[in-house]
Amino acid sequence: MARTFSIHSDLIASFLGTAFLNAERIAIVSPWVSDITVQFPETDQLSERQLQLSEAVRFFDVDVWFVVDPAQDDHNRLRPAALLPRVSDVAYIKEVENLHAKAIVTDQVLYQGSANVTYRGLNINIELCDIRENECGSISGFLEDRLQIDL
């Protein structure tokens, strides 16, 4: 059985920062995504402990997948500050109709819960958020097994 623990949604930005420092691949599954502030632990890899998600995607040598709902393009692509146009040349974007799942997945660990990867989801809304081992052993295994999504 996988080990699981709950966190407050404002700690998802720290989980994501740790993932950028330690993972080779990250999948961000969220109907809505925003250029959130990612929090990093103290490290000699960065002079700052915060980067915008778009900056982190460009800075780190990590394959990043965004799995989003195409019906949310008003938020994800068309707003002036939208994230996906800022990263579409360096990240993979997979569109899944009727997506409602929220997860940040690495080969080793994952966040799953109710929070979208947006400012409101991480800082304002009351959300249910769990961090757990990725029992599937890979991002693609988790997405295929739990969400029937092929990358």
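Not measured: the values here are computed from a predicted model.

**Describing the pairing of strand β7 (residues 102–105)**
- On β7, burial covers both faces: Lys102 and Ile104 on one face and Ala103 and Val105 on the other are all buried.
- Two elements, strand β2 (residues 25–29) and β7, share 3 bridges in a ladder whose sense is antiparallel. Bridge pairing in β7 places Val29 opposite Ala103.
- In terms of strand pairing, β7 meets strand β8 (residues 109–113) through 4 bridges, oriented antiparallel. Of the residues in β8, the one forming a bridge with Val105 is Leu110.

**Remarks on the sheet that holds strand β5 (residues 63–68)**
- With mixed pairing, 7 strands are arranged side by side in an open sheet as β1-β9-β8-β7-β2-β5-β6. Looking along the sheet, the strands with just one partner apiece sit at the ends: β1 (4–7) and β6 (92–95). The sheet shows a mean angle of 15 degrees between the axes of neighbouring strands, direction not considered.
- Sheet contacts for helix α6 (residues 139–147): β2, β7 and β8; angle to β2, the most-contacted strand, approximately 30 degrees.

**Describing the environment of Gln148**
- By the element assignment, Gln148 lies in the segment after α6.
- You can call Gln148 exposed: its relative accessible area is 62%.
- Spatially, the C-alpha atoms of Gln148 and Val33 are 20 Å apart, while their sequence positions differ by 115 residues.

**Details of the nonpolar core**
- Formed by 36 residues in total, the largest nonpolar core has its most connected members in Phe20, Ile28, Leu53 and Phe66.
- Secondary structure elements with two or more residues in this core: α1 (12–22), β2, α2 (53–59), β5, α4 (84–87) and β9 (129–133).
- If one sorts the elements of this core by residue count, α1 sits on top with 7 residues.
- Other than its neighbours up to four places away in sequence, Phe66 contacts Ile28, Val33, Leu53, Val57, Leu83, Leu84, Val87, Ala91, Tyr92, Ile93 and Lys94.
- Counting residues in hydrophobic clusters, the runner-up holds 12 residues, among them Val29, Leu99, Val105 and Ile149.

Criteria and cut-off values
- Residues numbered from 1 in each chain as written.
- Predicted model: local features only at pLDDT ≥ 70, side-chain atom pairs only at ≥ 80, totals over all residues.
- Heavy atoms only, no water.
- Buried < 20%, exposed > 50% of the residue type's maximum accessible area, 1.4 Å probe, protein only.
- Helix = DSSP H or I, 4+ residues; strand = E, 2+ residues; numbered from the N terminus.
- Pairing = 2+ DSSP bridges.
- Axes fitted to C-alpha atoms, helices over the stretch in contact; angles between N-to-C directions.
- Contact = heavy atoms within 4.5 Å.
- Core = buried A, V, L, I, M, F, W, Y, C linked by side-chain atoms within 4.5 Å.

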